[in-house]
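What follows is each chain in one-letter form.
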Amino acid sequence: MNILDKIIFDKKREVVLKKSIIPVSQLESSVFFERKTISLSQKLKVSSTGIIAEHKRRSPSKSVINQSFTVEEVVKGYENAGACGISVLTDGKYFGGSLDDLLLARASVNIPLLRKEFIIDEYQILEAKAYGADLILLIAAVLTREEIKSLSEFAKSLGLEVLLEVHNQEELEKSIMPTLDMIGVNNRNLKTFEVSLDFSKQLAAQIPDDFIKVSESGISSVEAINELKPYGYKGFLIGENFMKTDNAGQAAIDFISQL
């Protein structure tokens, strides 16, 4: 069983437990449920930088990245730096995140927030909406075409945008459908954790122009972004690069000012 299989195995159990405690009606009565979401895809279309900055405490590949910042410090720093949007990790066991992180981020900034999570159930999409997200992530590696279709349709019905993450040609081909807004290519192989920008370059031409192209993981330099832009990428998800510093917001300011 690889790390991704383990995460999904644990996630299924976690969702069952959460459903037994917090009913859907409670999520739907959240103050954020009627809130009009902010479009990340529209922001990326007109941005010259396309940075989606990430709040991420740790990861299975790196263990602890940074536990010393408050969510508010990080996300306000990112907003001040001019990030187009912010990705908030909400997985607890493997990434040290929580839905409270999403809630605190929403209370702190007024730019698009992505719930970065291993989504396998509509219940998690209701949580995303209830806790202030503007868009969700769906990972093609762990979902069937039918699941991608039903989950993305459900997200759209709630006014949420959908970023679909792929890693290879096969995942891309099974996933393309009109209920997606953005297609992200993960430069990290989720099974082996090897990282290469070649994944983004190889898949770029296969992604239809109807979707905003996003490159994720392993982007640690301005040169990498300049390398990917000619391939049509408008969004660049960066987490570790900022979070591993003493001041994530300042790191984002320094990085974005060079673009």
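Bear in mind that the values here come from a model prediction, so they are computed numbers and not experimental data. (Residues numbered from 1 in each chain as written. Predicted model: local features only at pLDDT ≥ 70, side-chain atom pairs only at ≥ 80, totals over all residues. Heavy atoms only, no water.)

## Quick look at the environment of Q169
- Here Q169 lies in helix α8 (residues 169-175).
- Residue classification places Q169 among the partly exposed positions, given a relative accessible area of 32%.
- On a C-alpha basis, the gap between Q169 and A224 in space is 22 Å, while along the polypeptide they are 55 residues apart.
- Excluding its chain neighbours within four sequence positions, the residues that come into contact with Q169 are L203 and Q206. (Helix = DSSP H or I, 4+ residues; strand = E, 2+ residues; numbered from the N terminus. Buried < 20%, exposed > 50% of the residue type's maximum accessible area, 1.4 Å probe, protein only. Contact = heavy atoms within 4.5 Å.)

## Structural notes on the side chain of K56
- By the secondary structure assignment, K56 is in the loop between β1 (51-55) and β2 (58-59).
- A relative accessible area of 8% places K56 in the buried class.
- Reaching out from K56, the side chain makes a polar contact with the side chain of E240 at a distance of 3.2 Å.
- Once residues within four sequence positions are removed from consideration, K56 is found in contact with I65, L89, F95, R188, E240 and M243. (Polar contact = N/O pair within 3.5 Å; in protein donor to acceptor, adjacent residues only side chain to side chain.)

## Things to note about the sheet that holds strand β9 (residues 212-216)
- Read once around its circumference, the closed barrel built from eight strands follows the order β1-β4-β5-β6-β7-β8-β9-β10, with strand pairing classed as parallel. Strand after strand, the sheet turns through a mean of 25° between neighbouring axes, direction not considered.
- With four bridges connecting them, strand β7 (residues 161-166) and strand β8 (residues 182-186) associate as parallel partners. Bridge pairing links L164 to I183 in β8.
- Strands in contact with helix α5 (residues 99-108) are β1, β4 (85-89) and β5 (113-116); relative to β5, the strand with the most contacts, it is inclined by about 175°. (Pairing = 2+ DSSP bridges. Axes fitted to C-alpha atoms, helices over the stretch in contact; angles between N-to-C directions.)

## Comments concerning the side chain of S30
- Along the polypeptide, S30 turns up in the loop between α2 (24-28) and α3 (40-46).
- A polar contact of 3.0 Å, which involves the side chain of S30, links it to the backbone nitrogen of F32.

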